[in-house]
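# Structural overview for review
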Amino acid sequence: VHPLAAAAAHRRHAERRRVLRHERAGAVAQRDRQHRLDAALDAALGVCEYRCTGGCLHGAVGAYAAARGAPPDIAELCARPAMTRVVGAGECAHAVGHALALLQSEEDALRGCAAAPDYSVAHYCAGGVVMETASTFFGRKRDVRAKCERVPPKTRAACYYFGLRSRASGAR
C-alpha cells in the first residue's frame with residue numbers, strides 16, 4: 001500500500017469517527033434539552049394546578065410547546081403523570097389547543113386537533129384553538145355557520161359552541 005493512499009484512508013476514517021461523535025453528541029444534547037423542558041413543565045404544572053380557571057396551565061403548556069419549537073402531541077402530553085394529577089384528558093387537550101394556536105396557523109392547529117383519535121379530545125382541543133384566536137376566528141362578519149362548515153368535521157361542534165356562545169353574549 002502506497003503511503004499516501006494509507007494516509008488518505010486514515011484521514012477518511014478519522015473524519016467518519018469525528019462525524020459520528022458529533023452526531024452522537026448532538027443527540028445526547030437534544031435528549032438533555034428535552035429532559036430539562038419536561039422537568040420544567042412538570043414543575044410548572046405542580047405550581048399551576050388549575051388556578052385561574054386553567055389559565056396558568058394553558059400558559060405552561062404554551063410555553064413548553066414554544067420552547068420545544070414543535071406542536072405538542074396531545075396523547076403524550078396528556079398522559080404525563082404531572083398532567084393527570086392536575087386535570088383530565090379534556091382540559092389537557094384544551095390547553096394543547098391553545099398551544100397549537102400559538103405555534104401554527106388556525107387551520108393547521110385545527111387539523112392537529114382533528115388528528116386526535118377521540119372525538120371528545122378533538123372537541124376540547126378545538127375549543128382551545130377557538131378561544132386563543134377568538135378575536136379573529138369568526139371574521140369581521142361573525143358568520144358562524146360559514147366558518148364552522150369549513151373546519152375539520154371533528155372540530156365543528158367546538159366551532160359552533162364557541163360561535164353561538166359568543167353571538168349570544170353579544171361579544172364582538
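Residues numbered from 1 in each chain as written. Predicted model: local features only at pLDDT ≥ 70, side-chain atom pairs only at ≥ 80, totals over all residues. Heavy atoms only, no water.

Check the secondary structure of the protein chain and you find ten helices and zero strands. N-terminal to C-terminal, the α/β element order of the protein chain is α-α-α-α-α-α-α-α-α-α. Out of the 172 residues in the protein chain, the part that is buried amounts to 35%. Within the protein chain, residue pairs in contact and separated by at least 24 positions form 63% of the contacts whose partners lie at least 6 positions apart. Summing over all exposed atoms, the protein chain offers an accessible surface of approximately 10300 Å²; the carbon and sulfur share of this is 58%. (Helix = DSSP H or I, 4+ residues; strand = E, 2+ residues; numbered from the N terminus. Buried < 20%, exposed > 50% of the residue type's maximum accessible area, 1.4 Å probe, protein only. Contact = heavy atoms within 4.5 Å. Areas by Shrake-Rupley, 256 points an atom, 1.4 Å probe, with all protein chains shown as cover.)

Here we come to helix α7 (residues 119–132). With 14 residues, α7 extends 20 Å between its outermost C-alpha atoms, agreeing within 8% with the 20 Å of an ideal straight helix rising 1.5 Å per residue. What α7 keeps buried is the set Val121, Ala122, Cys125, Ala126, Gly127, Gly128, Val129 and Val130. Contacts from the buried residues of α7 go to α3 (74–78), α5 (89–103), α6 (106–114), α8 (134–137) and α10 (156–169). (Expected span 1.5 Å × (residues − 1).)

This paragraph deals with the state of the cysteines. Throughout the structure, instances matching the rule amount to four disulfides. Two residues share a disulfide in this structure: Cys48 and Cys56, whose sulfurs sit 1.9 Å from each other. Where Cys48 bonds to Cys56 through sulfur, the torsion about that S-S bond is close to -60 degrees, and the disulfide is left-handed. In this structure Cys48 comes out as buried when scored by relative accessible area, which is 4%. Each sulfur in the disulfide pair Cys113 and Cys125 lies 2.0 Å from the other. On the sign convention where negative means left-handed, the S-S torsion of about -65 degrees between Cys113 and Cys125 marks this disulfide as left-handed. Highlighted residues: Cys113 in helix α6 and Cys125 in helix α7, separated in sequence by twelve residues. Taken individually, Cys113 and Cys125 each receive the classification buried, so the pair is uniform in this respect. For the protein chain, numbering the cysteines in disulfides from first to last along the sequence yields the connectivity 1-2, 3-4, 5-6, 7-8. (Disulfide = S-S within 2.5 Å.)

Here we come to the packing of α6 against α7. Where α6 meets α7, the closest approach of the two axes is 8 Å, and the angle between their N-to-C directions is 160 degrees. With respect to α7, the axis of α6 lies roughly antiparallel. Here α6 runs over α7; the crossing is right-handed. Across the interface between the two elements, Glu106, Ala109, Leu110, Cys113 and Ala114 of α6 pack against Ala122, Cys125, Ala126 and Val129 of α7. Looking at side-chain class alone, the contact of α6 with α7 contains eight nonpolar, no polar and one charged residues. (Axes fitted to C-alpha atoms, helices over the stretch in contact; angles between N-to-C directions. Parallel < 35°, antiparallel > 145°, perpendicular 65-115°, else oblique. Left-handed = near helix turned anticlockwise from the far one by under 90°. Nonpolar A, V, L, I, M, F, W, Y, C, P; charged D, E, K, R; others polar.)

Confidence along the protein chain averages 85 in pLDDT terms, with 90% of residues attaining 70 or more. Across the protein chain, the secondary-structure element scoring lowest on mean pLDDT is helix α1 (residues 3–48), at 74, and the one scoring highest is α6, at 95. (pLDDT = per-residue confidence, 0-100.)

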